[in-house]
Amino acid sequence: MPLPYPRIRPYGIYPPKKEAGERLLAREVIHFAFYMPHDHPDLAAGVSHALDCYMNAVGEGPDTINSCTFGSHAQSPLSDERWKRIRQLLRPDRPFRYAEDCTDPYRLREMEKSGNETWIHLSNEHDRLSGFKLTYSSRIPSRDRSPSDYDVSYLEGTLPTEYLEERGPAAVRELILDLASRLLFASGHAGLSFDSLIGDMFFTPRIRTELLRHPGISLNHGSPPAWMGTRVDGVHWLNFQGPPVLQKLGGVPALRSRLHSPETTVQALDGERAVVTLGNWPEAGDLTRGDTLPAYREFGRVLEPWLDKPFNDPRFHVEGFTQEEAMRWARRFLD
């Protein structure tokens, strides 16, 4: 059967290495992200489990994951020593619980400069668009943080669409569910997105055109917006809901009663969290053919009060979009 999404891979000149000629600039991927309003000691066990799930699924090697970056350090090939360092960083114990108690001036400067307490990035050293990457960032722990603070820790990554096609959507869904099973997320998602060499700022005119055409393809922002907090980052193939939004929606039974599309399933994960799946496959939709993804639109209307700010904020901006285009894209499941 034909795939429910297009293969979109523009080639062109990459300015920092223009002497190399044309190369792949961007590509479609399966992107997943989980937003967690907790500090690292509370997240360590769940993040370690998620990293193991991902690495067991994709493997370490020249075509998948073969390098890592810690904080502000340069990217380096994976090795036994590097894995040892990753495991040390993922342990829950720290010489301080809150940043206010940290007596190491270098550590304090690192946290202030980077905006996080721990940052680990796994990727492919030789192919930045391999489609394989995983990033964990834990927020700076503060004794003075209030429940209304927007800072979140997050885990996000990508899989190439070839991985989805080879293993099938059911296997990928199970992988994401296993990866999420021990994470203390407020929200999360997985679905179609674009990845590019240096982020949204380098999306080509073709990518901008395709984003406006295919509502099921999202933007992979990497880190969450500063205002994220416990809000929800859009509508996707897999939509993970946790506290407080799931409770405000009335829990799983109430949420299930508001979603009538035959393509939609609502599955309880525990007493506080659930996943909403919009169809067997992630779909791109196609507005030029009238395919507006009705199941996505139905869920978007249910979530609207808790959707991330860009859906309602006219200052939302994506490189190369007019303000009208940016707002039309941001509200594509609402209007």
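These remarks concern the structure in this document. The structure displayed is predicted, hence computed values, not measured ones. (Residues numbered from 1 in each chain as written. Predicted model: local features only at pLDDT ≥ 70, side-chain atom pairs only at ≥ 80, totals over all residues. Heavy atoms only, no water.)

A short note on the environment of Ser123
Logical step 1: Relative to the helices and strands, Ser123 is located in strand 6 (residues 118-123).
Logical step 2: Along the sequence, Ser123 and Asn66 sit 57 residues apart, while their C-alpha atoms lie 6.3 Å from each other.
Logical step 3: Beyond its immediate stretch of four places on either side in the chain, Ser123 contacts Thr64, Ile65, Asn66, Ser67, Gln75, Phe132 and Lys133. (Helix = DSSP H or I, 4+ residues; strand = E, 2+ residues; numbered from the N terminus. Contact = heavy atoms within 4.5 Å.)

Section: unusual backbone geometry
Logical step 1: The omega torsion of the bond from Pro243 to Pro244 falls at 5°, within 30 degrees of zero and hence cis.
Logical step 2: Within the secondary structure, Pro244 sits in the loop between strand 11 (238-241) and helix 7 (245-248).
Logical step 3: The backbone of Leu293 sits at a positive phi, close to 60°, despite the residue not being glycine.
Logical step 4: Take Leu293: it is sitting in the loop between strand 13 (274-278) and helix 9 (294-303).

Brief notes about the pattern of salt bridges
Charged atoms that come close allow side chains of opposite charge to pair.
Logical step 1: Enumeration according to the criterion identifies 23 salt bridges in this entry.
Logical step 2: The salt bridge involving Arg97 is made with Asp42; its shortest N-O contact spans 3.5 Å. Here the residue Arg97 occupies a position in the loop between helix 2 (80-89) and helix 3 (105-114), and Asp42 occupies one in helix 1 (residues 40-58), the gap between them amounting to 55 residues.
Logical step 3: By relative accessible area, which is 31% here, Arg97 ends up partly exposed.
Logical step 4: Asp42 gets classed as partly exposed once you look at its relative accessible area, which sits at 43%.
Logical step 5: Of the charged contacts, one joins Arg331 and Glu304 as a salt bridge, the two residues approaching to 3.4 Å between their closest N and O atoms. (Salt bridge = Lys/Arg side-chain N within 4 Å of Asp/Glu carboxyl O. Buried < 20%, exposed > 50% of the residue type's maximum accessible area, 1.4 Å probe, protein only.)

Description of the packing of helix 1 against helix 2
Logical step 1: For the pair helix 1 and helix 2, interaxial distance at closest approach is 10 Å and the crossing angle is 145°. Residue-level inspection shows His40, Ser48, Leu51, Asp52 and Met55 of helix 1 in contact with helix 2, the latter providing Trp83, Ile86, Arg87 and Leu89.
Logical step 2: Of the residues that constitute the contact of helix 1 with helix 2, the class distribution is 5 nonpolar, 2 polar and 2 charged. (Axes fitted to C-alpha atoms, helices over the stretch in contact; angles between N-to-C directions. Nonpolar A, V, L, I, M, F, W, Y, C, P; charged D, E, K, R; others polar.)

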